[in-house]
Amino acid sequence: MAKTIVVVGLGMVGIAFIEKLLNLDEEKRYRLVTCGEESHLAYNRVALTDYFQHRSVEKLYLNDVQWYAKQDPDRFLFHIGEQVTSLDPIAHSVTTSKGRTITYDHCVLATGSESVLPPYIPPERAEKTKGVFVYRNISDLDKILAYSEEEGIRGGRTVVVGGGLLGLEAAKALFDLNTISHVSIINRQAYPLSRQLDNEGGEIVLRRIEAMGVQVLTKTTVKDITTSPSGVFTGLTLNDDSHLPSSMVIFAIGITPRDDLARKAGLKCHAKAGILVDDSLKTSVEDVWAIGECASWKGNTYGLIAPGSKSYFYTFLVLRFGTEMKGWVVEMADILAFNFTQVQTDVGGFSPRQMNMPDLSTKLKLMGVDVASFGDYFADKLSNGSTRKVGMPKVEVVAPTSNELNGQDTRPKKLVWEVKVDDIVTGSGSASGETIGVKVEIPKASEKAAGHAHSAKKRALEGPVECLTYRDPFSFVYKKYIFTADGKYLLGGMMVGDTSDYVKLVSLVKKKKPIEAPPSEFIVGSRKGEDDGGDLDDDTQNVTKGSIVNCVKGGVENINDLKAKTKVGTGCGGCMPLVTNIFKAELKKAGVTVTNNICAHFAMSRQELFGVVKIRKLKTFTQIMEAVGANGESVGCELCKPVIGGILRSRRRVSQIECHQGSILSSLFNEPVMDPAHHANQDTNDRFLANIQRNGTFSVVPRIAAGEITPDKLIRLGQVAQKYKLYTKITGGQRIDLFGAQKQDLPDIWEELIEAGFESGHAYGKALRTVKSCVGSTWCRYGIGDSVGMAIYLEERYKGIRSPHKIKGGVSGCVRECAEAQSKDFGLIATDKGWNIFLAGNGGANPRHATLFATDVPPSKVVSILDRFLMYYIQTADKLMRTARWVEQFDGGIERLKKILLDDELGICSELEKEMNDLVGTYTDEWRGVLQDPLRRKQFRQFVNTDERRPQIEQIKERGQERPADWPKQFPAAKIRLSTIHTPKSQWKWRRLATVQDLMPSQAGTTSVAAKYGDSQLAIFHVAKKGYYATQQMCPHKRAFVLDHGIVGDDPSGNLYISCPLHKRNFRLTDGECLNDDDYSILAFDVKEESHNLFVLLPDSDELDAIIGTSKWMVRRATAEVVDRGGGDGIEIAGMIDSEKQQDKPSSGCASQSCGSNLVLDW
Ligand SMILES: Cc1cc2nc3c(=O)[nH]c(=O)nc-3n(C[C@H](O)[C@H](O)[C@H](O)COP(=O)(O)OP(=O)(O)OC[C@H]3O[C@@H](n4cnc5c(N)ncnc54)[C@H](O)[C@@H]3O)c2cc1C
Ligand code: SF4
Ligand code: FES
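Values in this document were obtained by computation on a predicted structure and should not be read as measured data.

**What about the overall build of the chain?**
Item 1. Of regular secondary structure, the chain possesses 38 helices and 55 strands.
Item 2. Taken over 1163 residues, the chain has a buried fraction of 56%.
Item 3. By element, 50% of the accessible surface of the chain is carried by carbon and sulfur atoms, the whole surface being about 50200 Å².

This is the structure we're talking about:
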């Protein structure tokens, strides 16, 4: 049952609270009822003066009539023209001027303020006197307008008493009225706006006002008003007893909080005025709260809704996600709505928000003059009004002894030195001329560095100040900026006539960070710095920028050719983003049109292909190739296949039967990767739902959302690791990697893990990896947000969704940032008002600190922002582009992204959210799917023709665990050729190695398996419409037995090849030649199909084993040591070097035997 909140007062803060609560209360826990005494819906009081121009209340409404009509009456009921006349805290009810009694669970008082009249006009006199007004609401303005048009008044003089913000506002409005001929302002001080400006700033404003033709009487007060016998106002008696005749007067001398209702109900109120509230805005009575101008917090009431600007309130309303949720009394609405709804949510808990000291920076346009004050704008004044002395202190330092400095003095709290400050006054200090001792305590050695910087900053911020001023009497511009005496910190300032730097300076003051430019630049502008050029790095891996430049000069125009020429990216591949940038930059310089085409098979970028696949509803790789490929008959390659696979898998709505994989296909349809039709279109990791390691084994990484794991699950992980002899390591993403799993063991391992409650961690996919979290409010004494709860929620939400690159998240429970959220693709940091959202950070080869995207976002709103961001990234990023690079290259940068994703400038946000929801709702665990399907399980055998296992690298023991022996730093290159087999091919025999069913051939893609023949391993491939092929299984680059795990592709000349999954060397299927590295070649064999069996034409196994036998090539520690000592160079490699080269090399070793583990090498 929803709880009832009664809101008393439908003013600016009342409606802000109502809107925020309706917006944040997604679980519909509350029902709102409000009574507004005015006969209008909530309107923008800040823009009240505009009413003089358009005379339309509707134009001032903060929400139009339709908004109210659309509200569900079970959630929000409103009564206007109805005053709440009493509050009964015991009965939990209010009664109204219409005799209605409403019971509540919570009552929120938002009764605002009323304008003050001077003591010589008590209420009865005000009522009887015609021509005396205040300036607070529509009714006041209607009265002023009607009176100004009356006969005898029309065309007369009007006086405004008060030269503050409100007085100038009223004066300008009256000045613009045709019915009024003269306007005078009476101001007690020597200049207007004395609360915001100093003499010089005020004087500029004064001159501007007078230049308009408005009379300003300064240093003047009013003794009384004069009236005619019939009670009509005739003028004012001033302090010098002179008389100022006038036909009407508006008093703008102040406001007082409306606490009458609260006082009557027995709530504690301030002696002067205002309903007392604590830090959570609770009054002295249970379940009654007060917000807005009526509330008194720490003895203060505040009269500005949103210091900042006239347009500020609109900004705040438009941006409902908190990017600009600032302001003051409206901040109270924010806090209360947050505490009612966000302390417990589906995405974890959050500490209740509390009131903090307000920032009273103000920017206004008054009488046509731009005026702003920010930070501590009177930092150069003492609290008693006298001027604070500026200038550097004379400092007498008692130097510490070396022992003291080295932290060897362990005496507690010993004073190290004393700074005597002569002839200056500190911020909190007394009058000039006094000597003030600043005592500095000895820091502990460990605290010294941090403490020193901190106390230096504190001293600077609280010490003497220096002012920089600029005064231009010709353009009516005045600026005063106040800095710490060392010029390192900006404390505050004021501006008249030019407020363009206001936002920048307010944020500098708030951050309390040292300024980077000399103070003078804030006034006179910066000298133009030299263009930093941002040149690209000169070398990557062992390929220099120069060699890339030379390739471009030599006519290389695509990245594949560049790879073939330079071998760049054929190592770990981590350099490729940088290489691609350099390459594109060089192409541009050379006048070549640079495209983002995926590869030679598709003349379009990933983003364009994503759109085509989505709109044309293409479901398989083959369909896509036929529809939009450069050559519809082509089989694709190692670049386009994984990209397309990922896109289809992001759209799970399509039924499983329809689905066929690849990354675009994943992102659109998110279907199981193990479907034979597209199994071979995946990168190896995705094909076997595990990360392939250098010895051909795989790693197993179950999901441990946010790093939270029960002891039972931890024990089970250990047991599984022990049973399958897996090397275990805790990752940077707070989960546990189990390394060294044999492919054929993967299903059994996962069966045990799933039984223990684990599921796939998608460590193998371009998908969400982890959302790292600190312990947050669950355990940490500093925790504000439930970082664990939030991180688990996010990890569960986005798990399994494929994207252009891997995605990582982080959630920290407070600004101490223990989860390193700012180095993640998305990161959340709890502030005392909600979550700050950081986007597009990453570690890796080209790290990027994440950008602050939205601040103080309520917990329940975080997910929609992240949904939009991730979906937009998935749909528009280039292949293999991390969020960091995507944002950097985004047209218009992060600011434009904010407009699109926060302000919904393109109107796509609801579609993005919907698409993400669709994806999230259809998640299934890929490993569970494999286990339930015998056909898919079958794909994990090492060899199709035997259950035998063959290790591929010797295992060695290190620090109590087994791991594969190291690869040598550099293997000798190897060309393995059929010509080295002595028996002529005509004498080879067809050997049955597999059945057709083993390969599960498909017309939608390619399939492959490994078979064992003697001690040799072979890979057999099926390519749709082309037939069967066979090669050796080992890639000679690192002697890895992995080729059946690679992707089959073709090049523009129609060469079919297998791309090694480890470093992408591409071997032609017909003859084994390496197409992108002349140093390598492999054996390729003929295959024929007969009676559902597959036969490979082979020599005797002994002969083949002598060339490609597993024992011969298996990497052992001893092998590596010999190679690293340079021994490999002089050793003959039987059957693996060009015959020409062979002639130059001496023969050694046992060419026809395998060498076992002894140190005698046969190559
Ligand atoms: C002319 C003018 C210009 C301003 N310009 C700026 C500006 O530029 N920047 C800025 O930050 N601020 C400005 N302000 C101040 C800003 O308007 C107020 O801070 C803001 O309106 C306060 O909101 P509130 O809800 O607390 O009070 P209000 O907006 O006054 O709302 C209170 C409402 O409660 C109603 N009410 C009171 N008692 C009862 C009761 N018992 N039962 C039912 N209803 C009741 C009142 O009639 C009123 O409608 C300006 C104000 C004025 C008058
Ligand atoms: S970020 Fe660190 S200090 Fe802050 S809540 Fe998390 S663990 Fe605690
Ligand atoms: S390309 Fe390096 S192992 Fe194959």
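Read on, since the account is not over.
**With respect to the environment of Phe838**
Item 1. Checked against the element boundaries, Phe838 lands in strand β40 (residues 834-839).
Item 2. Setting aside chain neighbours within four positions, we find Phe838 in contact with Gln822, Asp825, Phe826, Gly827, Ile829, Ala850, Thr851, Leu852 and Phe853.

**So, the sheet that holds strand β44 (residues 989-995)**
Item 1. The strand order across the open sheet formed by three strands is β44-β55-β54, and the pairing between neighbours is antiparallel. Sheet topology places β44 and β54 (1087-1090) at the edges, where each strand pairs with a single neighbour. Adjacent strand axes in the sheet meet at a mean angle of 35°, parallel and antiparallel pairs treated alike.
Item 2. One ladder, built from six bridges, connects β44 with strand β55 (residues 1093-1098); its direction is antiparallel. Its bridge partner being in β55, Trp990 is matched across the sheet by Leu1097.

**A look at the confidence of the model for the chain**
Item 1. Model confidence for the chain is summarised by a mean pLDDT of 81, while 81% of its residues fall at 70 or above.
Item 2. When the criterion is pLDDT under 50, residues 526-542 qualifies, and its contacts beyond four places in sequence or with other chains add up to 22 contacts.
Item 3. Per-residue pLDDT stays below 50 along residues 651-662; that stretch engages in 64 contacts with residues further than four places along the chain or on separate chains.

**Some points on the site of ligand 2**
Item 1. Around ligand 2 lies a shell formed by Cys774, Gly776, Cys780, Tyr782, Gly783, Gly813, Cys814, Arg816, Glu817 and Cys818.
Item 2. Considering only residue class, the shell around ligand 2 consists of five nonpolar, three polar and two charged.

**Brief notes about unusual backbone geometry**
Item 1. A positive phi is found at Leu193, a non-glycine position, where the angle reads about 55°.
Item 2. As for its placement among the helices and strands, Leu193 is situated in the loop between β11 (182-186) and α7 (199-212).
Item 3. A relative accessible area of 2% means that Leu193 is categorised as buried.
Item 4. Non-glycine residue Ser1091 carries a positive phi angle of around 45°.
Item 5. Within the secondary structure, Ser1091 is located in the loop between β54 and β55.
Item 6. In this structure Ser1091 comes out as exposed when scored by relative accessible area, which is 63%.

**Some remarks on the pattern of salt bridges**
Item 1. Taken as a whole, this structure holds 56 salt bridges when the rule is applied.
Item 2. As a salt-bridge pair, Asp176 and Lys172 come within 2.8 Å of each other at their nearest N and O atoms.
Item 3. We classify Asp176 as partly exposed; its relative accessible area is 35%.
Item 4. Between Arg963 and Asp966 there is a salt bridge whose closest N-O contact spans 3.0 Å.
Item 5. Linked by salt bridges that have partners in common, Lys20, Glu331, Asp334, Arg353 and Lys833 make up one network.

**Structural notes on the packing of helix α27 (residues 787-798) against helix α28 (residues 859-876)**
Item 1. In contact at an axis separation of 12 Å, α27 and α28 are set at 35° when each is read in the N-to-C sense. The handedness of the crossing between α27 and α28 comes out as right-handed. Each of Met790, Tyr793, Leu794, Arg797 and Tyr798 in α27 lies in contact with α28, whose residues at this interface are Pro859, Val862, Val863, Leu866, Asp867 and Leu870.
Item 2. Its residues placed into classes, the contact of α27 with α28 shows nine nonpolar, no polar and two charged.

**Comments concerning the packing of aromatic side chains**
Item 1. Counting across every chain of the model gives 27 aromatic pairs.
Item 2. Between Tyr872 and Trp886, the ring centres sit 5.9 Å apart and the planes meet at 80°, which makes this aromatic pair edge-to-face. Here the residue Tyr872 occupies a position in helix α28, and Trp886 occupies one in helix α29 (residues 883-889), the gap between them amounting to 14 residues. Note on accessibility: Tyr872 and Trp886 belong to one class, buried.
Item 3. Here Lys713 stacks its cationic end above the ring of Phe758, 4.9 Å away from the centre of that ring.

**Thoughts on the sheet that holds strand β15 (residues 243-245)**
Item 1. One open sheet holds the three strands; their spatial order is β13-β14-β15, and the pairing between them is antiparallel. Sheet topology places β13 (222-227) and β15 at the edges, where each strand pairs with a single neighbour. Neighbouring strand axes in the sheet, compared pairwise and without regard to direction, differ in orientation by 25° on average.
Item 2. In this structure, β13 lies alongside strand β14 (residues 233-238), joined through five bridges in antiparallel fashion.

**Considering the side chain of Asn1093**
Item 1. If you trace the backbone, Asn1093 turns up in strand β55.
Item 2. One polar contact links Asn1093 to Arg992, side chain to side chain, over a distance of 3.1 Å.

**What about the packing of helix α24 (residues 711-723) against helix α25 (residues 746-755)?**
Item 1. Two numbers describe how α24 lies on α25: the axes approach to 10 Å, and their chain directions differ by 165°. It follows from the interaxial angle that α24 and α25 lie roughly antiparallel. Considering how the two elements wind past one another, α24 and α25 form a crossing that is right-handed. Residues Arg716, Leu717, Val720 and Lys723 of α24 lie in contact with α25, whose contacting residues are Ile749, Glu752 and Leu753.
Item 2. Taken together, the residues of the contact of α24 with α25 sort by class into four nonpolar, no polar and three charged.

**Remarks on the nonpolar core**
Nonpolar side chains in soluble globular proteins tend to be buried together.
Item 1. Counting residues in each nonpolar core, the largest one holds 105 residues, and the members touching the most others are Phe17, Leu87, Leu109 and Ile291.
Item 2. The element best represented in this core is helix α1 (residues 12-24), accounting for nine residues.
Item 3. Filtering out sequence-adjacent residues up to four positions away, Ile291 remains in contact with Val13, Phe17, Val108, Leu109, Ala110, Leu281, Met332, Ala333 and Leu336.
Item 4. Leu689, Ala690, Val930 and Ile1082 belong to the second largest nonpolar core, which has 51 residues in total.

**Thoughts on the environment of Asp224**
Item 1. Here Asp224 lies in strand β13.
Item 2. Linking Asp224 and Leu238, residues 14 residues apart in sequence, is a C-alpha distance of 7.2 Å.
Item 3. Setting aside residues up to four positions removed in sequence, Asp224 forms contacts with Tyr120, Arg125, Gly235, Leu236 and Thr237.
Item 4. Reaching out from Asp224, the side chain makes a polar contact with the side chain of Arg125 at a distance of 3.0 Å.

**Concerning α25**
Item 1. Taken across its ten residues, α25 has seven buried, putting it largely inside the fold.
Item 2. Check the buried side of α25 and you find it contacts β34 (698-700), α24, β36 (736-741), α32 (926-931) and α33 (934-938).
Item 3. Phi turns positive, to about 100°, at Gly757, one or two residues after α25.

**Examining the side chain of Asp867**
Item 1. In this structure, Asp867 sits in helix α28.
Item 2. What Asp867 contacts, discounting residues up to four positions off in sequence, is Arg797, Tyr798, Glu913 and Met916.

**Quick look at the environment of Gly14**
Item 1. Of note, Gly14 is situated in helix α1.
Item 2. The spacing of Gly14 and Thr111 is 97 residues in sequence and 8.0 Å in space, taken between C-alpha atoms.
Item 3. In contact with Gly14, not counting residues within four places along its chain, are Val7, Gly9 and Ala110.

**A look at α24**
Item 1. With 13 residues, α24 should reach 18 Å at 1.5 Å per residue; the first-to-last C-alpha distance of 18 Å fits that figure.
Item 2. All buried positions along α24 are accounted for by Leu717, Val720 and Ala721. Across the axial projection of α24, the buried residues extend over an arc of 100°, all falling on one side. Exposed and facing more than 90 degrees away from the buried side of α24 are Pro711, Asp712, Gln722 and Lys723.
Item 3. In this fold, the buried residues of α24 make contact with β35 (727-730), β36 and α25.

Calculation rules
- Residues numbered from 1 in each chain as written.
- Chains lettered and ligands numbered in written order.
- Predicted model: local features only at pLDDT ≥ 70, side-chain atom pairs only at ≥ 80, totals over all residues.
- Heavy atoms only, no water.
- Helix = DSSP H or I, 4+ residues; strand = E, 2+ residues; numbered from the N terminus.
- Buried < 20%, exposed > 50% of the residue type's maximum accessible area, 1.4 Å probe, protein only.
- Areas by Shrake-Rupley, 256 points an atom, 1.4 Å probe, with all protein chains shown as cover.
- Contact = heavy atoms within 4.5 Å.
- Pairing = 2+ DSSP bridges.
- Axes fitted to C-alpha atoms, helices over the stretch in contact; angles between N-to-C directions.
- pLDDT = per-residue confidence, 0-100.
- Near = heavy atom within 4 Å.
- Nonpolar A, V, L, I, M, F, W, Y, C, P; charged D, E, K, R; others polar.
- Salt bridge = Lys/Arg side-chain N within 4 Å of Asp/Glu carboxyl O.
- Left-handed = near helix turned anticlockwise from the far one by under 90°.
- Phe/Tyr/Trp six-rings, centres within 6.5 Å; stacked < 30°, edge-to-face > 60°.
- Lys NZ or Arg CZ within 6 Å of the ring centre and 35° of its normal.
- Polar contact = N/O pair within 3.5 Å; in protein donor to acceptor, adjacent residues only side chain to side chain.
- Parallel < 35°, antiparallel > 145°, perpendicular 65-115°, else oblique.
- Core = buried A, V, L, I, M, F, W, Y, C linked by side-chain atoms within 4.5 Å.
- Expected span 1.5 Å × (residues − 1).
- Arc of directions from axis to C-beta.

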